[in-house]
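Chain residues, written in single-letter form:
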Amino acid sequence: KQEVTQIPAALSVPEGENLVLNCSFTDSAIYNLQWFRQDPGKGLTSLLLIQSSQREQTSGRLNASLDKSSGRSTLYIAASQPGDSATYLCAVIGQGNLIFGKGTKLSVKP
Amino acid sequence: NAGVTQTPKFQVLKTGQSMTLQCAQDMNHEYMSWYRQDPGMGLRLIHYSVGAGITDQGEVPNGYNVSRSTTEDFPLRLLSAAPSQTSVYFCASSNLDRGVIGAFFGQGTRLTVV
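Conventions we followed
Residues numbered from 1 in each chain as written. Chains lettered and ligands numbered in written order. Predicted model: local features only at pLDDT ≥ 70, side-chain atom pairs only at ≥ 80, totals over all residues. Heavy atoms only, no water. Contact = heavy atoms within 4.5 Å. Salt bridge = Lys/Arg side-chain N within 4 Å of Asp/Glu carboxyl O. Polar contact = N/O pair within 3.5 Å; in protein donor to acceptor, adjacent residues only side chain to side chain. Helix = DSSP H or I, 4+ residues; strand = E, 2+ residues; numbered from the N terminus. Nonpolar A, V, L, I, M, F, W, Y, C, P; charged D, E, K, R; others polar. Buried < 20%, exposed > 50% of the residue type's maximum accessible area, 1.4 Å probe, protein only. Pairing = 2+ DSSP bridges. Axes fitted to C-alpha atoms, helices over the stretch in contact; angles between N-to-C directions.

Caption draft 1: Spatial organisation of the interface of chain A and chain B. Across the boundary between the two partners, chain A contributes 23 residues, which contact 21 residues of chain B. Taken together, the connections running from chain A to chain B amount to zero salt bridges. Viewed at the interface, chain B and chain A are joined by five residue pairs in polar contact (both at pLDDT 80 or more). For the side of chain A that touches chain B, the elements supplying multiple residues, two or more each, are strand S4 (32-38), strand S5 (44-51), strand S9 (86-93) and strand S10 (98-100) of chain A. When grouped by side-chain class, the residues that make up the side of chain A that touches chain B number eight nonpolar, twelve polar and three charged.

Right, dumping it as structure tokens:
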């Protein structure tokens, strides 16, 4: 059974720092991996989708990498801003459905 | 382009009542699914569908029914609501290419069962 773990569960940083969020999964037979952002009381917004043939994707200040062989993905946020404060979720996509980690709650202090 | 639309946004039910959570997508996606999100538990899959007329159970299907008569709609029915079903429910849709490509989510329905 696929299990997805996100470390750390919570993170507080001062504005301007570069930071890394981690996601690990137990079964490397995945098709894709997707990173989401969730603001309090809101739905999930897709940030980046990495297909299994890719090693990374970039969007603005965000960069996500995928290493299937080691079962790991990282989300790198450059020059963090208070507006980046949210919960970040990773989901691995196997044959069937998305399996989610429990998320990393990020707080960026001005 | 509306994407994935869920109604209602909020609902309070009494124990034993039934109701249907609505989900509609306008992207012609084959795949649709329902998740519930609970504190400390993350998002858990309830039911999913890979096309009209095809549904299957996820991780936590008990107490819920689904049907998929059209590509656009995937309603979730609570047969007899219980306090344990108090949660936030999310509907998602995606295209399929050997598997789910990537999901789009609705804004959620916050359900309280008293």
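Right, picking up where we left off after that structure.
Caption draft 2: Layout of the pattern of salt bridges. For the coordinates displayed, the defined rule picks out four salt bridges over all chains. Taking the shortest distance from any N to any O, the salt bridge between arginine 61 of chain A and aspartate 84 of chain A comes out at 2.8 Å. In this pair, arginine 61 of chain A sits in the loop between strand S6 (56-59) and strand S7 (62-67) while aspartate 84 of chain A sits in the loop between strand S8 (72-77) and S9, placing the two residues 23 residues apart along the sequence. The exposure class of arginine 61 of chain A is partly exposed, given its relative accessible area of 30%. Members of the salt-bridge network, linked through shared partners, are Arg36, Asp38 and Arg44 of chain B.

Caption draft 3: The sheet that holds strand S3 (residues 19-25) of chain B, seen in detail. Residues and elements named next belong to chain B. Taken in spatial order, the four strands of this open sheet run S1-S3-S8-S7, and their pairing is antiparallel. Edge strands, defined here as strands with exactly one partner in the open sheet, are strand S1 (4-7) and strand S7 (64-66). In this sheet, neighbouring strand axes are inclined to one another by 20 degrees on average, regardless of whether the strands run parallel or antiparallel. Note that S3 and strand S8 (residues 76-78) share three bridges and pair antiparallel. Within S8, the position partnered with threonine 20 by the bridge is arginine 77.

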